[in-house]
Amino acid sequence: MQGISIFFSLVIWMIFLIFIPIPANSQIVHDAEYYVLEAQHGQKWTQEDRELDEKLAELRKKHGRPPNLIHIMWDDTAFGDVGIPAIQKVRGLETPNLNIMAAEGILFTRMYTEVGCTPSRAASATGRLAVRSGMYNIGMLLESHGMSGEEVTIAEVLSKAGYATAFHGKWHLGDIEESYPHNQGFDEAFFSGYNQILSLNTRIAEGANASIGLFQDMLPKDPYKLDDSFITKGWVQIAEGEKGGKTRQWGDNTHENYMKIDPEAQRRTLEFIERNAKAGKPFYVANWPMLASFIPNPKKCAVARSLLQDGLQCNIDPFIGKLMAKLEELGIAENTLVIAMADNGPMAHNPPPGTGMSETIFRGGKGDFLEGGVRVPAQAWWPGVIGNGQIVGDIIHETDLFTTFARLAGATQYIPTDRVIDGIDQTGLLIHGDTHSRRDHVFIYAGPRLGATVKGPYKRHWISPDPVGEASGIPAAFYFLPSDPREKTPMLVNLIHLKRPFNRMRLRHELWKKKYPDSQEVHGIPWTGIENASPEVQKLGKPKMDLQKLPFDPLEYIEHLDQLPFDPDMDPALGN
């Protein structure tokens, strides 16, 4: 009987999808849930769009070009650690420049991201949930994968509208040539293929046992070692390149070089801004900093004496101050939108000692589909356009930045229409403020699996610690977020009326995915195309063995990396 019920539910919702207006080829394809909202609010939104177009036309006439766009995104920060002085007082840090930015613009209270840094960066760059591009794996040293060239980034969209584009900092979207940011639409790039663990992939970390066994020449000879191909020997810490040009390693793989990455990225960002402002050219720049090193600095900065707080207070915040001052100095602040945010929640599970990363209001952290993993500090600043002192309660998702940036730049026509774009245009939210979002829902993936769905104040966990209830069709994993922000009290009787509505949402979402299937990340030999590659990097595609003596291709595994499974029994109680 249960199978029959599921069958009829699928039939009903397939019929429902038939009546969802499928966009014409010239229109953006959104997820199915958007059309449910558009059917109810389309007339109002159409009128609002006319008013917004008039406003944007006035601004373009006033400034002589469309607005400049700046996206600052750092790592692993809990909601409230930035922008809310009372929470900062408890947490032992100060970010006066970021707090001024929030006070002079919008402080978002429901900015959602993906659960980890690689998926979050893929979502921001493409306007698509990371599961759609296959970029849900967190890239580590010599991952041999990356974002496909078939994906269309915001840099590609804005370039077609005449924007200068630059990326500076933590890219973390692959270590293969196809995925380098200057091969993904950016005019110039200064980037890392990995994350902050690079600070531990150093000799100073090996000496402190913060990294174990990476630098074998520093260790006593192991008389039992047989396989000399097992331990990684060559990689690129940071690289640079220009669109259509060569790629070069910048510096070496030392910790000293790692500590130069953010200052150099910040210098390049400010120089890029000044150069294009003086040339009268609109620009988009993403500065995604490394934030901090996992090797503690003896010279402490914040009261908390921790990596996160020191990184925010003495790295990110001073840069924000310089950035705002530079925009004012160049006379372009009123024609520049700045978005500053974290990429996901804190590393609440298994953090290195002394990070200072911790839950605040919400339970969970990086890797969780709980609110603590995906609801982050975020703010928008645009003097003269965004009104001062706004605290916005609307739901917004990082994918929305892709579509909103395109609208502001007059580049919407360059967004691809052959795939689902999860990002929703939130120009109205930026200009009109609270209650003007066009989103009331979020799908939150845990790797390739749907972990939870948010609809307004309600949330349902699809991966649940209650297997008996789920198997019997009587799920209890419903939450009312305003009264239970830590998702500690699932409700069965009180919220069981949400079972069918959430089922409908999921079925619509998954049936739409059948029409527009997910893509895959691509795989290959890491760090090819490096003009000044070290001998170790050059050998990455040349295994140190007699290939004629092997009954298989030693690099064949690269094409099968996606087959490694995620934990099918993942439990959201990890955030306890």
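Below is a short write-up of the structure.

Quick notes on helix α4 (residues 96-103)
Line of reasoning, step 1. Buried within α4 are the following residues: Leu-98, Asn-99, Met-101 and Ala-102. The arc enclosing the buried residues of α4, seen along the axis, measures out at 155 degrees, which places them on a common side.
Line of reasoning, step 2. For α4, the secondary structure elements touched by its buried residues are β1 (68-74), α3 (85-91), β2 (106-112), α11 (307-329), β9 (336-342) and β10 (375-381).

Comments concerning the pairing of strand β13 (residues 441-446)
Line of reasoning, step 1. Along β13, six of the six residues are buried, which leaves the element largely enclosed by surrounding structure.
Line of reasoning, step 2. Residues of β13 alternate between two faces, with His-441, Phe-443 and Tyr-445 on one and Val-442, Ile-444 and Ala-446 on the opposite face, all of them buried.
Line of reasoning, step 3. In this sheet, strand β14 (residues 449-455) lies alongside β13 in antiparallel orientation, the contact comprising six bridges. From the neighbouring strand, Ala-446 faces β14, where its bridge partner is Arg-449.
Line of reasoning, step 4. Joining the antiparallel neighbours β13 and β14 is a turn of two residues, in which Gly-447 adopts a positive phi near 65 degrees.

What to know about the side chain of Glu-521
Line of reasoning, step 1. Relative to the elements of secondary structure, Glu-521 occurs in the loop between α16 (499-515) and β17 (522-523).
Line of reasoning, step 2. The side chain of Glu-521 sits in the buried core without any salt bridge; Arg-128 is the nearest counter-charge, 13 Å away.
Line of reasoning, step 3. Of the polar contacts made by the side chain of Glu-521, one reaches the side chain of His-145; its length is 2.5 Å.

Brief notes about α11
Line of reasoning, step 1. Its 23 residues place the ends of α11 32 Å apart at the C-alpha level, agreeing with the 33 Å of an ideal helix rising 1.5 Å per residue.
Line of reasoning, step 2. The largest bend in α11 is about 30 degrees, located at Ile-316, with the proline Pro-318 one to four residues further on.
Line of reasoning, step 3. One or two positions beyond α11, positive phi appears at Gly-331, with a value near 75 degrees.

Examining the pairing of strand β15 (residues 458-461)
Line of reasoning, step 1. As paired strands, β14 and β15 are joined by four bridges and run antiparallel to one another. Residue pairing for β15: Lys-455 is matched across the bridge by Tyr-458.
Line of reasoning, step 2. Following β14, the chain reverses through two residues before pairing antiparallel with β15; Gly-456 in that reversal takes a positive phi of roughly 60 degrees.

Concerning the state of the cysteines
Two cysteines whose sulfur atoms are joined by a covalent bond form what is called a disulfide.
Line of reasoning, step 1. Tallying each qualifying case throughout the model produces one disulfide.
Line of reasoning, step 2. Between the sulfur atoms of Cys-301 and its disulfide mate Cys-314 the distance is 1.5 Å. Disulfide Cys-301-Cys-314: the torsion about the S-S bond is 50 degrees, which places it as right-handed. Of this pair, Cys-301 sits in the loop between β8 (283-288) and α11 while Cys-314 sits in helix α11, placing them 13 residues apart in sequence.
Line of reasoning, step 3. According to the relative accessible area criterion, Cys-314 is partly exposed, its value standing at 44%.

Thoughts on the side chain of Asn-503
Line of reasoning, step 1. Within the fold, Asn-503 resides in helix α16.
Line of reasoning, step 2. Classification of Asn-503 as buried rests on a relative accessible area of 18%.
Line of reasoning, step 3. At 2.8 Å, the side chain of Asn-503 forms a polar contact with the side chain of Arg-460.
Line of reasoning, step 4. Ignoring sequence-local partners within four residues, the contact set of Asn-503 consists of Arg-460 and Trp-462.

Cut-off values and rules
- Throughout, residues of each chain are indexed from 1 in the direction in which the sequence is written.
- Restriction of local features to residues with pLDDT of at least 70 applies here, the model being predicted, together with a cutoff of 80 or more for giving and counting side-chain atom pairs; totals for whole chains, interfaces and linings are based on all residues.
- Just so you know, side-chain values use all the structure's heavy atoms and leave hydrogens and water out.
- Whether a residue is buried, partly exposed or exposed follows from its accessible area with a 1.4 Å probe, protein chains only, as a fraction of its type maximum: under 20%, in between, or over 50%, in that order.
- Per the convention used, a helix needs a DSSP run of H or I reaching at least four residues, while a strand needs a run of E reaching at least two, with both numbered from the N terminus.
- The directions considered for the arc are those from the helix axis to the C-beta atoms.
- A contact between two residues is defined here by any heavy atoms of the two lying within 4.5 Å.
- A pair of strands is treated as paired once DSSP finds two or more bridges between them.
- Neither His nor the chain termini are counted; the positive set is Lys and Arg, and the negative set is Asp and Glu.
- We define a salt bridge as a contact between a side-chain nitrogen of Lys or Arg and a carboxyl oxygen of Asp or Glu at a distance within 4 Å.
- Polar contacts here mean pairs of N or O atoms no more than 3.5 Å apart (in protein, one a potential hydrogen donor and the other a potential acceptor; neighbouring residues in sequence count only if both atoms are side-chain atoms).
- A helix is expected to reach a length of 1.5 Å times the quantity of its residues less one.
- What the bend at a residue measures is the angle between two axes, fitted to the seven residues ending there and to the seven starting there.
- The disulfide definition used here is simple: a pair of cysteine sulfur atoms within 2.5 Å.

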